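As a plain string of letters, each chain reads:
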Amino acid sequence: MSERLTKWGVPDKFLINRLHEDLLSKEQSEPYVKVVLTLSSHEPFDVPRAGFKEPFLDAVHYTDECLGNFVEQLKKTKQWDNTLILFVADHAMQSYPKGLSNSDPERFRIPLIWIGGAIKQPVTVSSYASQNDIATTLLSQLNLKHDDFKFSKNILSPEGNKFAFYSYVNGFSMTDSTGMVTYDNDKQSIIHHKGDVTDLEKKAKSFFQMMYLDLGNR
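Note that the structure is a prediction, hence the values are computed from the model and not measured. (Residues numbered from 1 in each chain as written. Predicted model: local features only at pLDDT ≥ 70, side-chain atom pairs only at ≥ 80, totals over all residues. Heavy atoms only, no water.)

*Asks:* Is there a simple way to think about the overall build of the protein chain in this case?
*Replies:* Looking only at helices and strands, the protein chain has 4 helices and 6 strands in total. Along the chain direction, N to C, the helices and strands of the protein chain fall in the order α-α-β-β-α-β-β-β-β-α. Expressed along its principal axes, the backbone C-alpha trace of the protein chain runs to roughly 55 × 45 × 35 Å. Residue burial in the protein chain is summarised as follows: out of 218 residues, 32% are buried. In the protein chain, 46% of the contacts between residues at least 6 apart in sequence involve partners at least 24 apart. Surface exposure of the protein chain reaches about 15000 Å², of which carbon and sulfur atoms provide 52%. Of the charged side chains in the protein chain, 25 are positive and 28 negative; the average position of the first set lies 1 Å away from that of the second. (Helix = DSSP H or I, 4+ residues; strand = E, 2+ residues; numbered from the N terminus. Buried < 20%, exposed > 50% of the residue type's maximum accessible area, 1.4 Å probe, protein only. Contact = heavy atoms within 4.5 Å. Areas by Shrake-Rupley, 256 points an atom, 1.4 Å probe, with all protein chains shown as cover. Lys, Arg positive; Asp, Glu negative; His and termini not counted. Charge placed at Lys NZ, Arg CZ, Asp CG, Glu CD.)

What follows is the structure, encoded as structure tokens:
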């Protein structure tokens, strides 16, 4: 409780230190998965100032430094060779760069970084994808079944249509090699588009509707 120093909870430095301690506190006799949610790069950006003009950049710098230190420490352990780490965000900030709206596609253009001793070689994957696809991609690499993740696809597979999907407050968007479309349910119309979106709009609406139908059946 004494480390809950910000509005959202514990600063990333304490969080990452705790993670490092948990990983090294005992011998790991079998494979494991840990999920960690960082908070310091979220508003109100309550972090030590690094001298940037934008508070958001100070916050990202702080989180990046915490994660970088964690990786460098883990590299010095015997666990590193069998470790795979995935870094991903949910979205960018509305406040940076200035002028982004809640629905702006640029707000949802984010990296997915895989690092660790388990990575055989460096590679850059430029396929369209979204967070939905992490589950199937990871499980496929481990030769595990992924049938339960019906809205997920293998990013690394050369087969299938590669697309990215995201939703925001009462709206959704889809992007693939043919273009991009963002549909706003409140306005009942397309608010962002690129390329010929006739088919893409239908696919996006179908995908969005099937997700809600699936949730309703659970």
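Alright, that's what it looks like, and here's the rest.
*Asks:* What should I look at first to understand the pairing of strand β3 (residues 164-168) in this one?
*Replies:* The side chains of a regular strand alternate between the sheet's two faces. Within β3, 4 of the 5 residues are buried, which leaves the element mostly enclosed by the surrounding structure. When β3 meets strand β4 (residues 171-176), the two strands line up antiparallel, connected through 5 bridges. Directly across from Ala 164, in β4, lies its bridge partner Thr 175. Adjacent in sequence and paired antiparallel, β3 and β4 are bridged by 2 residues, among which Asn 170 carries a positive phi angle near 60 degrees. (Pairing = 2+ DSSP bridges.)

*Asks:* Help me understand the sheet that holds strand β6 (residues 189-195), please; the structure alone is not making it clear to me.
*Replies:* Hydrogen bonding along the main chain pairs the strands of a sheet, whether they run parallel or antiparallel. The strand order β3-β4-β5-β6 describes an open sheet built from 4 strands, whose pairing is antiparallel. Each edge of the sheet is formed by a strand with only one pairing partner; in this case those strands are β3 and β6. Each strand axis lies, on average, 10 degrees off the axis of its neighbour in the sheet, ignoring direction. Strand contacts of helix α4 (residues 198-216): β3, β4, β5 (179-184) and β6, with the helix running at about 125 degrees to β4, the strand carrying the most contacts. (Axes fitted to C-alpha atoms, helices over the stretch in contact; angles between N-to-C directions.)

*Asks:* Any chance you could explain the side chain of Ser 130 here in plain terms?
*Replies:* In this fold, Ser 130 is placed in the loop between β2 (112-115) and α3 (134-141). On the accessibility criterion, Ser 130 (13% relative accessible area) is buried. Dropping the residues within four chain positions of it, Ser 130 is found in contact with Phe 163, Ala 164 and Phe 165.

*Asks:* Honestly, the pairing of β6 in this entry has me stumped. Any pointers?
*Replies:* Sheet analysis places β5 next to β6, joined by 6 bridges and oriented antiparallel. Directly across from Asp 184, in β6, lies its bridge partner Ser 189. A loop of 4 residues connects β5 with β6, the two strands running antiparallel in sequence, and Gln 188 in this loop sits at a positive phi of about 55 degrees.

*Asks:* What should I look at first to understand α3 in this one?
*Replies:* In an α-helix, one full turn covers 3.6 residues, which means residues spaced three or four apart are oriented alike. Looking at α3, one finds that the buried residues are Ile 134, Thr 136, Thr 137, Leu 139 and Ser 140. Looking at the buried positions of α3, the neighbouring elements they touch are β1 (85-88) and β2. Once α3 finishes, Asn 143 follows within two positions and takes phi at roughly 60 degrees, a positive value.

*Asks:* What is the right way to look at the packing of aromatic side chains in this model?
*Replies:* The relative placement of two aromatic rings is captured by the distance of their centres and the angle of their planes. One pass over the full model with this rule turns up 10 aromatic pairs. Taken together, a centroid distance of 5.5 Å and an interplanar angle of 80 degrees make the contact between Phe 163 and Phe 207 edge-to-face. Of this pair, Phe 163 sits in the loop between α3 and β3 while Phe 207 sits in helix α4, placing them 44 residues apart in sequence. For Phe 163, a relative accessible area of 16% translates into the label buried. Relative to Phe 208, the ring of Phe 165 lies with its centre 6.3 Å away and its plane at 35 degrees, an arrangement referred to as tilted. You can see Phe 165 sitting in strand β3 and its partner Phe 208 sitting in helix α4, a full 43 residues away along the chain. In terms of burial, Phe 165 and Phe 208 fall into one category: buried. Within the aromatic cluster, the residues linked to one another by ring pairs are Phe 151, Phe 163, Phe 165, Phe 172, Tyr 183, Phe 207, Phe 208 and Tyr 212. (Phe/Tyr/Trp six-rings, centres within 6.5 Å; stacked < 30°, edge-to-face > 60°.)

*Asks:* Explanation requested: the nonpolar core in the structure shown.
*Replies:* In a soluble, globular protein the nonpolar side chains are often hidden away together inside. Judged by nonpolar contacts, the single largest core of 16 residues is most densely connected at Ile 16, Leu 23, Phe 45, Phe 70, Leu 74, Trp 80 and Ile 85. Residue assignment for this core shows that the elements contributing at least two residues are α1 (12-24) and α2 (55-75). The dominant element in this core, judged by the number of residues it contributes, is α2, at 8 residues. Beyond its immediate stretch of four places on either side in the chain, Phe 45 contacts Ser 40, Pro 55, Phe 56, Ala 59, Met 93 and Ser 95. (Core = buried A, V, L, I, M, F, W, Y, C linked by side-chain atoms within 4.5 Å.)

*Asks:* Help me understand empty space enclosed by the protein in this model?
*Replies:* In this approach, a probe sized like a water molecule rolls over the atoms, and the result shows the empty space that is left. Enumeration according to the criterion identifies 1 cavity of 30 Å³ or more in this entry. Of the voids in this model, the largest cavity is the one considered here, and its volume is about 70 Å³. Around the largest cavity, the lining residues are Thr 6, Trp 8, Val 10, Pro 11, Leu 39, Ser 40, His 42, Glu 43, Pro 44, Phe 45 and Asp 46. (1 Å grid on protein atoms, 1.4 Å probe; cavity = no way out; pocket = protein on both sides within 12 Å on 5 of 7 lines; lining within 4 Å. Points joined across faces, edges and corners; volume = space filled by probe spheres on them.)

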